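Architecture at a glance
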Amino acid sequence: MVATLYIDGAWRQASDGGVHDVHSPHDQSVVATVSQATQADVLAAITAARASFDSGVFTSWSFAERSALVAKIADLLERDLKAIAKKESDDTGKRIIEAEYDIADVVATFRHFAALGLKQHDRSVDVGLDHVTSKIVHEPLGVVSLIGPWNYPLLQIAWKVAPALVAGCSFIVKPSELTPQSAIALMHLIEEAGTPKGVANLILGPGSVVGTPLISDSRVDMVSFTGGLNTGQTIMKAAVEHVRRLALELGGKNPHIIFADADIDAAIDNAVTAAFLHSGQVCSAGTRLIVQRSIHDKVVKSIVRRAGQIRLGGPSDLTAETGPLISKSHLEGVSKYVEKGVAEGATLLVGGKRSEDPAHANGWYYLPTVLDNCNTKMFCVQEESFGPVMTVEVFDTEQEAIALGNDTVFGLSGGVWSTDSAKAARVASALRHGTIWVNDFGPYRPQAEWGGYKQSGIGRELGEHGLGEYLEIKHIWTNNSPSKSGWFSDRGDE
């Protein structure tokens, strides 16, 4: 019996006994067999979350008590870090060292929100009346559906679960069906830490089967989703009927701007990392290189050389620098993306095909790819491949660089390289993206908000606002010396 659904404080198999095999992207071996939920299972999880929230079993805890719970979960995650990283490495195909970094970031996320929960969130408002006390208080939002992606499975679930717990919400977690093992592990630790029954629930399965109730059931007060734009738009449409709160992180097509006065060697090195880390399967990947014309040839030549040297390999390959794509369908999509770019007029300089290394024959390996001579009219510049594909554009002036960087429907992140600090600051200010790195690309900390402008999403995760997404704000006005208002005349019984 496979019992990997967690509903109302108990581990269950699917109501119809259904299971799903999880395959390694490295070699297609089966790394886990998990329950595959039905819609009936989803409805049971929503019922449990709603009942637990309405009962007050968790909302009655103070912020300090809920913060202590989240801190305990962080301790348990740290204890089991290597074991959980192994599960995530198996599911994603990424190198074990990368998975260990990711789980360390998960620990840091839980610790951040545990500390944030200890701050004073409520405040008094001076209304200018001695007899009135006016307070702003923060209360748990309600029942939330937390839907995560496959590229950073536990990390992006943690960005949702940790603040939801500190806030006092009840929730249903749905990880990607491609990468469920680390979410299962987390739920075991949430249970071990002493979370009340029904507060935390776990549903496994494809969105096409289990997604509809999670985003449309009237008992769900909020949906937090990280994933693709099309799914995000579907969730927004479903939210209309109940005016449901949303937090959406929908990816990006992120400009990486290099000026001629940059530290060129550092910029090139970071550009390679920004585009090809985790084989480009990163929502904030710097896959859109925008380089000043005078240094184009030098920069691109070096990047092409470096890209061609990147070592591909599976989780246990100690010489590997990046791994496979997540699935066959994703590899096929990246291939078509590159083919379309070339058909539009882009020049393929390196890569552009599946790896032919016999060691990669059973996996979904795609070579790091650079497309030159691109412009903002091209599909490959406007749409993200979510693969190891860098496009290259050129600019001459600062204003042109800004215009190119903003010529996208997305607005998640971007980078600027220049030794002229004033110019770098101007460009960073002018770019319409949620995170801008200056003379760097990629680092983040849970203390700083994360999210996008435009079609990259709604709301923020991490930082202080990441907790606020899961809280309702209430104003309580107390008249300590009540009296008649005198607004309308009292004419007795006439």
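Not measured: the values here are computed from a predicted model.

The rules behind the values
Residues numbered from 1 in each chain as written. Predicted model: local features only at pLDDT ≥ 70, side-chain atom pairs only at ≥ 80, totals over all residues. Heavy atoms only, no water. Helix = DSSP H or I, 4+ residues; strand = E, 2+ residues; numbered from the N terminus. Rg over C-alpha atoms; globule rule 2.2 N^0.38 Å. Buried < 20%, exposed > 50% of the residue type's maximum accessible area, 1.4 Å probe, protein only. Contact = heavy atoms within 4.5 Å. Areas by Shrake-Rupley, 256 points an atom, 1.4 Å probe, with all protein chains shown as cover. Core = buried A, V, L, I, M, F, W, Y, C linked by side-chain atoms within 4.5 Å. Salt bridge = Lys/Arg side-chain N within 4 Å of Asp/Glu carboxyl O. Axes fitted to C-alpha atoms, helices over the stretch in contact; angles between N-to-C directions. Parallel < 35°, antiparallel > 145°, perpendicular 65-115°, else oblique. Left-handed = near helix turned anticlockwise from the far one by under 90°. Nonpolar A, V, L, I, M, F, W, Y, C, P; charged D, E, K, R; others polar. Pairing = 2+ DSSP bridges.

**Some remarks on the overall build of the chain**
Assigned secondary structure in the chain consists of 15 helices and 20 strands. The C-alpha atoms of the chain give 25 Å as radius of gyration, which agrees with the globular expectation for 494 residues (23 Å, within 12%). Overall size of the chain, expressed as C-alpha extent along the three principal axes, is 90 × 60 × 40 Å. The burial tally for the chain puts 55% of its 494 residues in the buried class. Once local pairs closer than 6 in sequence are excluded, the contacts in the chain between residues at least 24 apart make up 72%. A total accessible area of about 20500 Å² is found for the chain, and carbon and sulfur atoms account for 52% of it.

**Overview of the nonpolar core**
Counting 98 residues, the largest nonpolar core has Leu77, Phe110, Val161, Leu165 and Phe171 as the members making the most contacts within it. Of all the elements, helix 5 (residues 153-167) adds the most residues to this core, at 11 residues. Those residues within four positions of Leu77 in sequence are excluded, and the remaining contacts are Ile84, Val106, Val107, Phe110, Leu154, Leu186 and Leu189. Counting 25 residues, the second largest nonpolar core, distinct from the first, contains Ala275, Val300, Leu312 and Tyr365.

**So, the pattern of salt bridges**
If you walk through the whole model with that rule in mind, you get 22 salt bridges. Ionic pairing is found between Arg111 and Glu78, a salt bridge with its closest N-O pair at 2.9 Å. With Arg111 in helix 4 (residues 96-116) and Glu78 in helix 2 (residues 63-79), the pair connects residues that are 33 residues apart, well separated along the chain. The exposure class of Arg111 is partly exposed, given its relative accessible area of 32%.

**With respect to the packing of helix 3 (residues 81-92) against helix 4**
At a closest axis distance of 8 Å, the pairing of helix 3 and helix 4 adopts a crossing angle of 125 degrees. The pairing of helix 3 with helix 4 is recorded here as oblique in orientation. Crossing of helix 3 against helix 4: the hand is right-handed. The segment helix 3 lies against helix 4, with Leu81, Lys82, Ile84, Ala85, Lys86, Glu88 and Ser89 engaging Ile96, Ala99, Glu100, Asp102, Ile103 and Ala104. Taken together, the residues of the contact of helix 3 with helix 4 sort by class into seven nonpolar, one polar and five charged.

**Comments concerning the packing of helix 2 against helix 4**
Relative orientation of the contacting elements helix 2 and helix 4 amounts to 165 degrees, with a least axis distance of 8 Å. Comparing the axis directions of helix 2 and helix 4 gives the class roughly antiparallel. Note on packing geometry: the crossing formed by helix 2 with helix 4 is left-handed. Across the interface between the two elements, Ser67, Val70, Ala71, Ile73, Ala74, Asp75, Leu77 and Glu78 of helix 2 pack against Val106, Val107, Phe110, Arg111, Phe113 and Ala114 of helix 4.

**Quick word on the sheet that holds strand 12 (residues 255-258)**
Here seven strands make up an open sheet; going across it, the order is 14-15-16-13-12-17-18 and the pairing mixed. The sheet terminates laterally at strand 14 (347-350) and strand 18 (435-438), the two strands that pair on one side only. This sheet shows a mean twist of 20 degrees between the axes of neighbouring strands, independent of strand direction. As defined by bridge partners, strand 13 (residues 288-292) adjoins strand 16 (residues 389-395) across five bridges and the pair is classed as parallel.

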